Structure formats: structure tokens, C-alpha cells
Number of protein chains: 2
Amino acid sequence: MPLCPADDAFAETLAARLPPDTLRRAEPRHLEEPRGRWHGISGWIALPRNAEETALVVRACAEARVGLIPLGGGTGLVGGQIAPDGPPPLLVSTERMAAIRAVYPRENVLIAEAGAILADVQAAAEAENRLFPLSLASEGSARVGGLLATNAGGVNVLRYGNARDQVLGLEAVLPDGTIWHGLKRLRKDNTGYDLRHLLMGAEGTLGIITAAALKLSPRPAATGTALLAVASPEAALDLLALARDRLGEAVSAFELMARTGFDFLRQTLPDLRQPWDAAPDWTVLVEIGLPRGLDPQEALEDLFAAAHERGLCNDGLIAQNAGQAQEFWAVREHIPEANRRIGAVSSHDISLPLGEVAHFVAEAGPALERIGAFRVNCFGHLGDGNLHYNVFPLPGRSPADHRNQREEVMTCLHDLADRLGGSVSAEHGIGRLKVGDLERYGDPAKLAAMRAIKHALDPQGIMNPGAVLRVG
Amino acid sequence: MPLCPADDAFAETLAARLPPDTLRRAEPRHLEEPRGRWHGISGWIALPRNAEETALVVRACAEARVGLIPLGGGTGLVGGQIAPDGPPPLLVSTERMAAIRAVYPRENVLIAEAGAILADVQAAAEAENRLFPLSLASEGSARVGGLLATNAGGVNVLRYGNARDQVLGLEAVLPDGTIWHGLKRLRKDNTGYDLRHLLMGAEGTLGIITAAALKLSPRPAATGTALLAVASPEAALDLLALARDRLGEAVSAFELMARTGFDFLRQTLPDLRQPWDAAPDWTVLVEIGLPRGLDPQEALEDLFAAAHERGLCNDGLIAQNAGQAQEFWAVREHIPEANRRIGAVSSHDISLPLGEVAHFVAEAGPALERIGAFRVNCFGHLGDGNLHYNVFPLPGRSPADHRNQREEVMTCLHDLADRLGGSVSAEHGIGRLKVGDLERYGDPAKLAAMRAIKHALDPQGIMNPGAVLRVG
């Protein structure tokens, strides 16, 4: 049975049950997504102030068989926040639940509402000399609820894990409109199935997260940042192994950048200061965080010397101060913007077993050449085996010239990643973009279990319809 | 509809579908559990050699509506591995799937079958200069499948997380007998609902784990161990905060022991060498693991000096060598055995927000006094807020003398933990022992979701019937 639209009659009934000004017409910003691939159908948006109001909204949708889409910062890259067609759903924004409810420095815990901006959570932790390690390009606008619902990744996963690893407890509204009060501040709690981890990664299809108890980490006493030139992804992986042998968990970030990234930056963002005079084929950005008593610059110099001795690394820049470290990071962080300005044929968020990364890079190029002539910008979180492998037209051509090849390019790269034991969505999720990929590459037993769980918790299919799974 | 028994007729049919000698009569060791509280009904046990044979067994049970109980090392403390009544279930042991299939040192990944013994996994990691950090008293007999199904805890959770945090991928047989091939070696994989984390903590009620891709960690370059005397649990928590401020994540273990523990050891295990001449009221065992360039003994001396200066710590012993460190750990590790020999009225596996630990300890004593006269041995993983708060008769009396008070003692302590935002099962799980506790203290929305998930994945209720949830 198809869902009913969140039309004016539904909105009128719902508005009468909510405090004034909780329901509005969606604004254009609620209907856009960063890649400009989809545009949402215009309609109504609910802006509840707390879990109770959220529950009331969800119950009304459940009673009326109206679909709803939870909306955080809207920074997702796979269309999980957009309904481009079908009966118009109700958007449910977390933006009014943006408080940091409490910080418990001695417990290393922070309680944030779903609408809290990631940068604000980081700042609140820093104010208490703690670290909230989740960090990614959109941290100035991404909100906690969306980050957790999509199990966001970013640059510190190597050391601290994904978003899901930062969570002790959740408060959420389930598809029947009941509130799960699970905001535990516990490191250990083995009392039944782990709903936290089920809601995290479900991308709003099993409930709406309204608040989270987040784990804070100690701040390293000192950090150091370096750019190291390596000959190949293989050499970069040897360098990573060397770094971890010498520095253990102190390696916080290990990012790979191809020379193409530096070329794109020079072309599209010429004012951005580039650290290399001539960028090497492959650059690794490494960041380390050390406890008291150790000097990060010395540690990075030692690492460079050892890598150089082994022939892994032929050039390097070690940041001499915080400003220079920021400059190094600015290069890495502006690559997605440069990519956007160049215009990709297709973008990929691949992960691989570390031992297969070099095979992927070696095989992907020739496989693409069999389809056509492209440029590739490969960069990403190498320490996690996570490559953003993006395919571009040759100079003078446009993505539109390759429209017919887009599917073939995607399938070719995704098939290769799958064959090597990798994932076709490392950190971005499934959203609406990769529903077909999940069907193609997902394990059949897992898919059947997912469908059974979805049907059990959301029998009408009202939660983020069309995302992750095709239902019915 | 009740389940059917795994009787001789069922066994005969099943045996015909399996390789010779896969089905046997259960031995006494398969029907016991460490606390001697339950005894399993005698019957049949399947000993499959791989996931395919396990799947065949599960399918046969599903077709015949026969219950089955997954069996690992049998070390669980809440009766999850024992069916004391009802239609005899089929036991399904993982003991023949004990291989470590592969180690990938450069990836920091190890693939273990479910029947692999924890100590063997630790040794295989160590052989490659890596660390598998999960560590607990029963590591010489506990098996990977059971450890993951129960999300085991232990002494290194503070630094490395629980069992679930060590897992990248799983292979498992679901209740319909399909195999989920999810042995991914990926740090990031956001492709759909996280079945891993659902099976982990489900205690065999949603499937049988047959193998796991485990995450290895770098080994600290050097470790140090100390016993520090503190005046109270409150002071111990201040000491923990101080240690983490100075040493960050390097604090690997932070265990609390009451003087009672040392008294019990002297009484029941007089040959065990005790480090203190006279044990203080409260002792903390702290272990640190440092990267190259730092000296653990120096770091512990500095910590002691700083703690002493702040009045947190009035005495301390820093292990001078590995033998002495082992001696310190032996004390901590023998406390459960001493407790068994003394004989508890009831044992509790409580966790609390760190900020509530002192309140719990302060309130629990007087609350117990209102019930009767007891001795308490409180020890545990303080860094995780996890207290093993065990209640004993006064000298000269026996647990049997308090049989009628047992329920009241448990309810009193569990109510208190619950009121303070704690958990009544920090690391042991629900099993059969705490099904009632889960119903009493569990969040209603979470319980309803758990029941819906259980029904969706195991509609006949054949997987570990009676554990975790009462079904039907």
C-alpha cells in the first residue's frame, strides 16, 4: 500500500496537536543536497523542540501512513535527506534540538541533542580539556543526529574509530512514536540487543535519534603534522606500518593525496597556498598526537629518517608551528571543493582491506581505460583503507560528455572493490544513491535480515521511505 | 506453540544428513556452568566443523521446531549456555571450529573461528608483534564465539573497548539456517544495518557466530604496573582522572580492590603471595602501556608523587619487573576464586556512570544493613565504572542461612544501580539469570523493539530459547 502525502490537510491536523510554529513550509535549504543531484519535493517541515514533540510528530505520521524524512545538517552525500519523488513526505528537522545538555569531564562524557553542530560539540569538549575526535570537512554544519544515523567517518577514524564508536547512549523516537530513553553514560552495559548500533547506520529508516551520550577522549599533550612524499600507495602503506610500529596509536590521521589533487587545487583555487613547490606523485599527510614527555617534531623527524633509509619516502615537510599544520590540512580539506569545481564523471567512496589498496589502484586505472579516457583524483583516509576515488573528464571535456559512461564507470570500480573484499560505501552510507549497489553487492542473508528488521520495526515503511532499502 | 524436543528420533534424522561423528550425546562438561547454579538437561550435541555444517544443523532445527543452544567455552556466568528445563534443546558446540584462519599483520587483522580459545588468539597476535587486547580471567578456556555473542568485557576495556569494539566482520548462521558471509577486513563499511553489533550482545538468540575478523592493536613499547593505596572509591576516581590527564590513553587498566578481597585471599588461598604487609582499605591496580621513548616506571613514580601531593594516595608499590607485575595481577585475578571459596549470598555485575560510583558504594552498605548483616567484597574495573559488588555472610554463617534474603539483596542493589543511571549487567550479559531484571529495568520501547526483532529473525523462537527474552 503506498504512503499518503503530507498534504495541507494532514499538516493542519498535525499543527493543531503541536505548539505554535512547530510546523512550517519547507524552505529551499531543506530541499537541497551538497552534490546538487536531487531536489526535494516542496512540502511541510516539522521543527520539534524535544523528543516528546518528535514522538508526537512520528505518531501522527504513523496513524496517517505518512512518510517522514529526518533532517540534520543536510550535508549527506548520498541523498539520504531528500525525497525527490513519490507522495510528499513530512520533513522532520532536528535543528531546534541543538543544545549540549551537559558535559561530565571526569566521566569523559558529553550529552548532545541531535541538532547540535559537530564543531560546537568539539568546542564544548575542548573547553573542558577533552577531545571529541570525530572530525570531517562539513563539521561546521553537520549535526550530531545525522552524523550518528549515518555513522560518519572522517580523518581520525584510524585512531578513534567511526562515529558509532564515540557513542555510549542514545535517545530516539522509534517508528511507532515511542521514545527510547537510552541516554546511558556507561562504558559497559550488556543488557539486551544493542539498539544503539542498529539505529546508527540505519540512516533514519528505523527511528529518529534525538540525543546522544558521547564519549570524550583525552587530548594528546602535543600534536605534529607532516607531509611526506611517497612513490606509490604501496609505499604509503609501508610507511603507515612503520609509523604504527614506532608510534603505536599515536598516529591519528594518515591521508593520501595524488598529485592530481594538487593540480586541481592550483587550477580552481589558485590563492590557496601550496606547500610543495612541485607536488610529488603521492603525498601522505600524517598527524600524530603524543602524551607528555615526547616531542612530536622529533618523532616525525625520526619517522622521516627511518622511512628515507628504507627508501619509502624521498621528501618531507614537517610543520614547524600550528599555522603551518593548518596549511597542510587546508590542502587536504579543499580537495573536495576543487573536485566540485572541476566536475566529476563519478565519485566513489571505496574502502578496501589495507593489503588490497595497492591492487585496487593498480587495477582500476587500466579498467577505466577500457571504458574511455579519464583523469582520476584518488585521495582519502588511507589509514582506514578508505579511498575517495573520483573520475574526471580530460581537460576540455565535461562530465556531460560522459553521461552515458557514468553507470559503466561506477559498476567497473564497484565490482573491483567488491572482488577485493572492499566496500562500495566506506563512510557516506547508502542513502538513495546506492540502494541498487546494496542490492547488487550486499550479502543475501544480511539483506534478508535487514528487510525483516525494517518490517518488524516500521511495518508501514514510513521512516525515510526510499532510503537504504526498497520496501514492499 | 511449544518447541519440540531434540529427541533420539530427531537426532537420528539429523545424523543422517551430517558427516559421521558430528552428532553425539552431550558430555557432563557440556551441561555445567561455572557457578553451579544450573544443570543442563542431558541430550544431544552437534559438533559442526564449519559454517556449512552449522547451517545444516540450524536448518534441521528450524524445520523440526527444535530449540538449540550455541555453546562456546561454557564460561558464561549468567546461564546463557544452559537449558535447565523445557523440551531438551540441541546443543551446538563451536569447539571443532577452533582455527585461526589467517593473520594480516600489516592490516592489523586476524581471522578466528568461533571456537578459537581467547588465549590462542592473543598468542597469535603476539607472534606478529600485535596485541589482541581482550583479556579476562577465563581467557584460557573462553572461545571467540561466546565472547562476541556476549560482548565480553574484562580488564582492558578502559583503553581498548569491549569485545564488540574488536570486531570488523562476522560470519554467522542466522535462525533460518542461512549463512551471513560478513567476514570483512574493513575499518569503514557503511552499507546497511549493522548486523555485527546486533548479533554481538544477543547471546545466541539471533544466530550463531562461526568466525570473526578481529582488529589487532599496536603493542605498547613498554608497560608498567602499580598498586596504589587510596582512601575511598572517590579518591580512586580522582586518581583515575589525574592519571588520564597525565598519561592520556596510556592507562590500560584501572582496577579497584577492597581490603575484604585481600582478607578473603589470605583465608582461602594462603599460599598466594600478597604484596601489601597490611592491605589498605582500598587498592587500585593501575597498568600503563607507553610508546617508545617513555619509561613506565618513571611515569608511575611521577603519578604517585602527584597523587601523594594531592592527598589522593598514601602508599604505593611499583612493579620492578615483569614477575612482580604478574604478582600484582595474580592478586586481582584470584579474587573471584577466593569469593567462590567463601561462598556469596549474591554476586553483582554493576556498572555506573563514573560520577555515581562513590554514591553507589556509599548508599549500598546502609541499604544492605537494613536487610541483614553481611560482608561485602567490592572490586572490579573501576575505569569502566564496573563494580563486582558481591555480598557474603558474616564469618560462621553460610549462604544457605540467607537464602530467603537473596532476592531482596539483589533487588535492593539493582534498584540502586538503576536509580543512579547504572546497569544491572555490565559485562556478564542477561543469559537466563537476569531475564527478570531486563524486564524490570529495561526501557519499555527498547524491550518492545527487541521482541519485534527477535520475532522477525527467529519467528519460531528456536535460538537459545529462554535466554535474554521470554518469548511468546
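Above: the structure in question.
Predicted model, so just to flag it, every value in this text is computed and none were measured.

1. So, the nonpolar core
Reasoning step 1: Formed by 108 residues in total, the largest nonpolar core has its most connected members in Phe-360 of chain A together with Phe-360 of chain B.
Reasoning step 2: Contacts of Phe-360 of chain A, omitting those with residues within four sequence positions, involve Ile-350, Leu-352, Leu-387, Tyr-389, Leu-413, Leu-416, Ala-417 and Leu-420 of chain A.
Reasoning step 3: With 90 residues, the next largest nonpolar core counts Ala-142, Ala-202 and Val-435 of chain A together with Leu-147 of chain B among its residues.

2. Quick look at the packing of helix H1 (residues 8–17) of chain B against helix H2 (residues 51–64) of chain B
All names here are of chain B.
Reasoning step 1: Where H1 meets H2, the axes come as close as 10 Å, and the angle between the chain directions of the two elements is 145°. Taken as a pair, H1 and H2 cross one another with a handedness that is right-handed. Residues Phe-10, Leu-14 and Arg-17 of H1 pack against Leu-56, Val-57, Ala-60, Cys-61, Glu-63 and Ala-64 of H2.
Reasoning step 2: Broken down by class, the residue content of the contact of H1 with H2 amounts to seven nonpolar, no polar and two charged.

3. A closer look at unusual backbone geometry
Reasoning step 1: In the Ramachandran plot, Val-468 of chain A falls in the positive-phi region, its phi being about 65° despite a non-glycine side chain.
Reasoning step 2: Position of Val-468 of chain A relative to the elements: it lies in the segment after helix H14 (444–457).
Reasoning step 3: At Asn-151 of chain B, a residue that is not glycine, the phi angle is positive and equals roughly 50°.
Reasoning step 4: Following the sequence through the fold, Asn-151 of chain B ends up in the loop between helix H4 (144–149) and helix H5 (157–160).
Reasoning step 5: Given the relative accessible area of 4%, Asn-151 of chain B is considered buried.

4. Points about the relation of the copies chain A and chain B
Reasoning step 1: Once chain A is rotated about the relating axis by 180° and shifted along it by 0.0 Å, it coincides with chain B to within an RMSD of 0.0 Å. Taken together, these values place the two copies in the relation of a two-fold axis.
Reasoning step 2: The share of interface residues of chain A whose copies in chain B are also at the interface is 99%, consistent with both copies meeting through the same surface.

5. Brief notes about the packing of helix H7 (residues 233–247) of chain B against helix H9 (residues 296–309) of chain B
Residue and element names in this part refer to chain B.
Reasoning step 1: The contact between H7 and H9 brings their axes to 10 Å, and the two run at 135°. Compared by their axis directions, H7 and H9 come out oblique. Regarding H7 and H9, the two cross each other, and that crossing is right-handed. Note on element contacts: H9 touches H7 through Ala-299, Asp-302, Leu-303, Ala-306 and Ala-307, opposite Leu-239, Leu-242, Ala-243, Arg-246 and Leu-247.
Reasoning step 2: Taken together, the residues that form the contact of H7 with H9 break down as eight nonpolar, no polar and two charged.

6. Here's the deal with H1 of chain B
Residues and elements named next belong to chain B.
Reasoning step 1: Taken together, the buried positions of H1 are Phe-10, Ala-11 and Leu-14. For H1, the angular spread of the buried residues around the axis is 95°, confining them to a single face. Turned more than 90 degrees from where H1 packs its buried face, Ala-9, Glu-12 and Ala-16 sit exposed.
Reasoning step 2: Where H1 is buried, its residues meet strand S1 (23–25), strand S2 (44–46), H2 and strand S4 (90–93).

7. Some details on the pairing of S4 of chain B
Residue and element names in this part refer to chain B.
Reasoning step 1: In S4, alternate side chains face the same way, and those of Leu-90 and Val-92 on one face and Leu-91 and Ser-93 on the other are all buried.
Reasoning step 2: Of the strand pairs in this sheet, S2 and S4 are connected by two bridges, and their pairing is parallel. In the sheet register, Ala-46 faces S4, and the bridge partner there is Val-92.
Reasoning step 3: Both strand S3 (residues 68–71) and S4 contribute to a ladder of four bridges, which runs parallel. Opposite Leu-68, over in S4, you have Leu-90 as the bridge partner.

8. Here's the deal with the sheet that holds strand S1 (residues 23–25) of chain A
Backbone-to-backbone hydrogen bonds pair the strands of a sheet. The strands run either parallel or antiparallel.
Residues and elements named next belong to chain A.
Reasoning step 1: The strand order across the open sheet built from four strands is S1-S2-S4-S3, with neighbouring strands paired in mixed fashion. With partners counted over all chains shown, the strands left at the sheet margins are S1 and strand S3 (68–71), one partner each. Across the sheet, the axes of successive neighbouring strands diverge by a mean angle of 30°, strand direction being ignored.
Reasoning step 2: Packing of helix H1 (residues 8–17) onto the sheet brings it into contact with S1, strand S2 (44–46) and strand S4 (90–93), and relative to S1 it is tilted by some 150°.
Reasoning step 3: Its contacts with the sheet place helix H2 (residues 51–64) against S2, S3 and S4, and it is angled at close to 165° to S4.

Quick notes on the rules
Residues numbered from 1 in each chain as written. Chains lettered and ligands numbered in written order. Predicted model: local features only at pLDDT ≥ 70, side-chain atom pairs only at ≥ 80, totals over all residues. Heavy atoms only, no water. Core = buried A, V, L, I, M, F, W, Y, C linked by side-chain atoms within 4.5 Å. Buried < 20%, exposed > 50% of the residue type's maximum accessible area, 1.4 Å probe, protein only. Contact = heavy atoms within 4.5 Å. Axes fitted to C-alpha atoms, helices over the stretch in contact; angles between N-to-C directions. Helix = DSSP H or I, 4+ residues; strand = E, 2+ residues; numbered from the N terminus. Left-handed = near helix turned anticlockwise from the far one by under 90°. Nonpolar A, V, L, I, M, F, W, Y, C, P; charged D, E, K, R; others polar. Least-squares fit on C-alpha atoms with pLDDT ≥ 70 in both. Parallel < 35°, antiparallel > 145°, perpendicular 65-115°, else oblique. Arc of directions from axis to C-beta. Pairing = 2+ DSSP bridges.

Interpretation in functional terms is not warranted from these geometric data alone.
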